[in-house]
Amino acid sequence: MRITDLWSPGKKPTVSFELFPARSEKGAVSLKKAIDELSELKPDFVSVTFGAGGSTREGSRQLVEVLKNEKQMEVIAYFACYGLGPDDITAVLDSYRDMGAENILAVRGDPPKEEDFKPHPNSLPHASDLVTFIRQRNDFCIGVAAYPEGHIEAASKEKDLEYLKLKVEQGAEYIITNYFYDNAYFFDFVERCRTARIQVPIVPGVMPIYSSKMMSMLADLCGVTITDEVRQGIAGLPEGDKDTLLAFGIEFATRQCRSLLEAGVPGLHIYTMDRSASTIALLKQLRTEGLLP
Ligand SMILES: Cc1cc2nc3c(=O)[nH]c(=O)nc-3n(C[C@H](O)[C@H](O)[C@H](O)COP(=O)(O)OP(=O)(O)OC[C@H]3O[C@@H](n4cnc5c(N)ncnc54)[C@H](O)[C@@H]3O)c2cc1C
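The following paragraphs examine the structure supplied in this document. Quantities reported herein were computed from a predicted structural model and do not represent experimental measurements.

This next bit is on the overall build of the protein. In terms of regular secondary structure, the protein is built from 10 helices and 9 strands. Rg of the C-alpha trace for the protein: 18 Å, near the compact-globule value of 19 Å for 293 residues, within the 12% margin. Taken along the three principal axes of its C-alpha coordinates, the protein extends 50 × 45 × 45 Å. Expressed as a percentage of the 293 residues in the protein, the buried residues total 49%. A separation threshold of at least 6 residues defines the contact pool for the protein, and within that pool the share at least 24 residues apart is 80%. If you sum the accessible surface of the protein, you get close to 14200 Å²; carbon and sulfur atoms cover 52% of it. With 33 positive and 42 negative side-chain charges, the protein shows a spacing of 2 Å between the two charge centroids.

Shown next as structure tokens:
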């Protein structure tokens, strides 16, 4: 199924989960549990990340295969082109096509941490180049990433939007956003997209807070603002109490999702970090309230 069919006019909002391939035995246990428990929630689709520089190439392929062909779920395979040459890109895309995958999210990726990693001399500099590359060769339904607060390297929000528009003009059919802790960033971003005549579906990414350390680390990495509301909420919790923090994260994400759904978003894409408990609690609440099917 082309994933954009889910967002045709009149359709109910979708629910989807991001997963990443395990990098350790402990991670594999966590991932298996997450797949088993999250599949019970009957998401409209799941997505699978791809480590830049090809670092999770085989793990990503295997995970897409399991989710698609064993678990019979709709899947968006992410693909990060950073450092890869045209032959590598073609090989990965062919492997996805051969297993019947129809949906790709094309991202640039970031330089891998390994100091000895050498990008291929003909690697693609931007996600828009990857979209063009894919469009010329395959019939995948292609999506791209966007950042409601602006990408961390962007010269300005205006420039960032210009390049996002280029990705859509090159053939991207939908957008999934980075997460944010203030919906105003998302609403403003969508408005700016529509003014710039970017008309494709824009699905907000939502990340429940799993731990203070992870929250701070990822926010720094992705250029996400930790709002005063979040800071003050966490400051009021008993120090070191993981369960209370998780409960706060669930309650905060539920409020965020409620307001996004009431504003008519096409779906919610949950960054699960290969964990299931927060997502289960979040969805249970939204479904009880009749906000999600
Ligand atoms: C939904 C989502 C999924 C993701 N999945 C993955 C994943 O699976 N693997 C992974 O490694 N990373 C992933 N990322 C992270 C992403 O790779 C990084 O944020 C990366 O830094 C930028 O990727 P991009 O596709 O947005 O890049 P681009 O669209 O190329 O933009 C990168 C920067 O370059 C600028 N720019 C874009 N085009 C041009 C141009 N033509 N000329 C000059 N400047 C330009 C932009 O303004 C921006 O600042 C994901 C992010 C999101 C939001």
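There's plenty left to go through after this.
Around the ligand there are 23 residues in total, and Phe50, Asp110, Tyr147, Asp160 and Lys167 lie nearest to it. Within the backbone of glycine 109, one N or O atom sits 2.9 Å away from an oxygen atom of the ligand. In the model, an oxygen atom of the ligand is placed 2.8 Å from a nitrogen or oxygen of the alanine 127 main chain. In the complex, the protein chains occlude 84% of the 980 Å² of accessible area that the ligand would expose alone. It is helix H5 (residues 157-169) that provides the largest number of residues to the shell around the ligand, a total of 3 residues. The residue inventory of the shell around the ligand, partitioned by class, reads 13 nonpolar, 5 polar and 5 charged.

Taking 1.5 Å of rise per residue, 15 residues should cover 21 Å, and helix H1 (residues 25-39) covers 21 Å from first to last C-alpha, within 8% of that figure. Contacts from the buried residues of H1 go to strand S1 (14-19), helix H2 (57-70) and helix H10 (277-288).

The element strand S3 (residues 75-80) is largely enclosed, with a buried count of 6 among its 6 residues. Residues Val75, Ala77 and Phe79 point to one face of S3 and Ile76, Tyr78 and Ala80 to the other, with burial holding for every one of them. Here strand S2 (residues 45-48) pairs with S3 via 3 bridges, running parallel. Note on S3: the bridge partner recorded for valine 46 is valine 75. Of the crossover connections in this fold, the one passing from S2 over H2 to the parallel S3 is right-handed. Pairing between S3 and strand S4 (residues 103-107): 4 bridges, direction parallel. Each residue of the ladder has a partner; that of alanine 77, found in S4, is isoleucine 104. Handedness of the S3-helix H3 (residues 86-98)-S4 crossover: right-handed.

Spatially, S7-S6-S5-S4-S3-S2-S1-S9-S8 is the arrangement adopted by the 9 strands of the open sheet, whose pairing is parallel. Across the chains shown, the open sheet's two edge strands, defined by having one partner strand only, are strand S7 (202-203) and strand S8 (205-206). Here S8 runs beside strand S9 (residues 267-271); their pairing, made up of 2 bridges, is parallel. Looking at the pairing, valine 206 lines up with isoleucine 270 of S9. Helix-sheet contacts for H3 involve S3 and S4, and the interaxial angle to S3 is about 175°.

Within the secondary structure, leucine 292 sits in the segment after H10. Judged by its relative accessible area of 5%, leucine 292 falls in the buried class. Spatially, the C-alpha atoms of leucine 292 and proline 13 are 6.9 Å apart, while their sequence positions differ by 279 residues. Every residue in contact with leucine 292, bar those within four places of it in the chain, is listed here: Pro13, Val15, Leu261, Leu268, Leu283, Leu286 and Arg287.

Running from N to C, H3 and helix H4 (residues 127-137) point in directions that differ by 60°, and their axes come no closer than 12 Å. Classed by the angle they form, the pair H3 and H4 counts as oblique. The two elements H3 and H4 meet at a crossing, and its hand is right-handed. Residues Pro86, Ile89, Thr90 and Leu93 of H3 form the contact with H4, whose participating residues are Leu130, Phe133, Ile134 and Arg137. Its residues assigned to classes, the contact of H3 with H4 shows 6 nonpolar, 1 polar and 1 charged.

A few words on the pattern of salt bridges. The final tally for this structure, using the stated rule, is 18 salt bridges. Of the charged contacts in the structure, one is a salt bridge between arginine 108 and glutamate 153, with a shortest N-O distance of 2.8 Å. Of this pair, arginine 108 sits in the loop between S4 and H4 while glutamate 153 sits in the loop between strand S5 (141-146) and H5, and the two are 45 residues apart along the sequence. You can call arginine 108 buried: its relative accessible area is 19%. Here the salt bridges share partners, and the residues they tie into one network are Arg2, Arg135, Asp139 and Glu173.

Cut-offs applied
- Residues numbered from 1 in each chain as written.
- Predicted model: local features only at pLDDT ≥ 70, side-chain atom pairs only at ≥ 80, totals over all residues.
- Heavy atoms only, no water.
- Helix = DSSP H or I, 4+ residues; strand = E, 2+ residues; numbered from the N terminus.
- Rg over C-alpha atoms; globule rule 2.2 N^0.38 Å.
- Buried < 20%, exposed > 50% of the residue type's maximum accessible area, 1.4 Å probe, protein only.
- Contact = heavy atoms within 4.5 Å.
- Areas by Shrake-Rupley, 256 points an atom, 1.4 Å probe, with all protein chains shown as cover.
- Lys, Arg positive; Asp, Glu negative; His and termini not counted.
- Charge placed at Lys NZ, Arg CZ, Asp CG, Glu CD.
- Near = heavy atom within 4 Å.
- Polar contact = N/O pair within 3.5 Å; in protein donor to acceptor, adjacent residues only side chain to side chain.
- Nonpolar A, V, L, I, M, F, W, Y, C, P; charged D, E, K, R; others polar.
- Expected span 1.5 Å × (residues − 1).
- Pairing = 2+ DSSP bridges.
- Right-handed = clockwise from strand over helix to strand, strands pointing away.
- Axes fitted to C-alpha atoms, helices over the stretch in contact; angles between N-to-C directions.
- Parallel < 35°, antiparallel > 145°, perpendicular 65-115°, else oblique.
- Left-handed = near helix turned anticlockwise from the far one by under 90°.
- Salt bridge = Lys/Arg side-chain N within 4 Å of Asp/Glu carboxyl O.

Scope: geometric values only; no functional claims are made or implied.
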